[in-house]
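Report on the structure
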Amino acid sequence: MGVTALCPGTFDPVTNGHLDIIERAGQHFDGVVVAVLENPAKRPLFDVDERLQMLREATAGLVNVEVDSFTGLLVEYARRKGSGVIVKGLRAVTDFEYEIQMAQMNRRLAGIETLFMTTAPTWSFLSSSLVKEVAGFGGDVSGLVPPSVADRLKRKLGGA
Ligand code: PNS
């Protein structure tokens, strides 16, 4: 039986940094499930359907990648999907503290392992939050997110 990795996140919206990790994870596992957290309490800019659509468009060329959403605990979702490993990207030490806490909690809750991949240096500064901030002030985010995401950001935020 093949090994499926979970790439979970908020993806509000997906960036080229996320896509780099998803694509590289797909080269090491039989399948990758990109799992979008549906959590209205986080007040995302894009609702879960929009985030799923953007991810599906962006990963359409990756044959072993599936895009799905989940609510509740990630480890419960992983159990339902039959996935025993979480893959996350690490940009810098600033990510490490938060990520190691989640990894250790998930291991404690369900014995699930988290593997970290280092973000490509090209994207080490990139985050969904910064992209939204730049787009909100009318800055150019092309080349940082897929073109359809840049269009949606423009439509949603306009730019100051
Ligand atoms: O893109 P993000 O915001 O870094 O993703 C965080 C995410 C979605 C992976 C994390 O918040 C999560 O797994 N949430 C689901 C609820 C859960 O399992 N919480 C306990 C984590 S130890």
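Presented here is an overview of the structure given in this document. (Residues numbered from 1 in each chain as written. Predicted model: local features only at pLDDT ≥ 70, side-chain atom pairs only at ≥ 80, totals over all residues. Heavy atoms only, no water.)

1. Structural notes on the site of the ligand
- In the vicinity of the ligand lie 14 residues, with Gly-9, Thr-10, Lys-42, Gly-72 and Leu-74 positioned nearest.
- Between Leu-74 and the ligand, the recorded distance is 2.9 Å, taken from a backbone N or O atom to an oxygen atom.
- Notes on the ligand: free accessible area 540 Å², of which the protein chains cover 77%.
- Assessed atom by atom at 2 Å from the grid points, the ligand resides in the largest pocket.
- Looking at the shell around the ligand, the elements that each hand over two or more residues are β1 (4-9) and α4 (93-110).
- Examining the composition of the shell around the ligand, we find that 4 residues originate from one element, α4, more than from any other. (Near = heavy atom within 4 Å. Polar contact = N/O pair within 3.5 Å; in protein donor to acceptor, adjacent residues only side chain to side chain. Areas by Shrake-Rupley, 256 points an atom, 1.4 Å probe, with all protein chains shown as cover. 1 Å grid on protein atoms, 1.4 Å probe; cavity = no way out; pocket = protein on both sides within 12 Å on 5 of 7 lines; lining within 4 Å. Sits in = over half its atoms within 2 Å of the grid points. Helix = DSSP H or I, 4+ residues; strand = E, 2+ residues; numbered from the N terminus.)

2. Brief notes about helix α3 (residues 74-81)
- If you check which residues of α3 are buried, you get Leu-74, Val-75, Tyr-77 and Ala-78. Along the axis of α3, the buried residues cluster in a sector spanning 155°; they form a single face. Turned more than 90 degrees away from the buried face of α3 sit Arg-79 and Arg-80, all of them exposed.
- Those residues of α3 hidden inside the fold are in contact with β1, β2 (31-37), β3 (65-70), β4 (85-90) and α4.
- Remark: Gly-82 follows α3 within two positions and exhibits a positive phi of approximately 70°. (Buried < 20%, exposed > 50% of the residue type's maximum accessible area, 1.4 Å probe, protein only. Arc of directions from axis to C-beta. Contact = heavy atoms within 4.5 Å.)

3. What to know about the pairing of β2
- Of all 7 residues making up β2, 6 are buried, and the element is well covered by its neighbours.
- Where β1 meets β2, 6 bridges bridge the pair, whose relative direction is parallel. Across the sheet, the residue bridging to Thr-4 is Gly-31, located in β2.
- Handedness of the crossover joining β1 and β2 through helix α1 (residues 16-26): right-handed.
- Relative to β3, β2 runs parallel, the two being bridged by 6 bridges. (Pairing = 2+ DSSP bridges. Right-handed = clockwise from strand over helix to strand, strands pointing away.)

4. Some words on the side chain of Asp-20
- Residue position: Asp-20 is located in helix α1.
- Aside from chain neighbours lying at most four places away, what touches Asp-20 is Thr-119, Ala-120 and Trp-123.

5. Some thoughts on empty space enclosed by the protein
- The tally for this structure, following the rule as stated, stands at 1 cavity of 30 Å³ or more.
- The calculated volume of the largest cavity comes to roughly 30 Å³.
- Within the lining of the largest cavity, the residues separate by chemical class into 2 nonpolar, 2 polar and 2 charged. (Points joined across faces, edges and corners; volume = space filled by probe spheres on them. Nonpolar A, V, L, I, M, F, W, Y, C, P; charged D, E, K, R; others polar.)

6. Thoughts on the pattern of salt bridges
- Overall, the coordinates contain 10 salt bridges when judged by the stated rule.
- With a closest N to O distance of 2.8 Å, Glu-66 and Lys-81 form a salt bridge. Of this pair, Glu-66 sits in strand β3 while Lys-81 is found in helix α3, placing the two residues 15 residues apart along the sequence.
- Overall, the relative accessible area of 36% leaves Glu-66 in the partly exposed class.
- Note that Glu-113 is salt-bridged to Arg-107, the shortest N-O span being 3.2 Å.
- A network of salt bridges, in which partner residues are shared, links Glu-66, Asp-68 and Lys-81. (Salt bridge = Lys/Arg side-chain N within 4 Å of Asp/Glu carboxyl O.)

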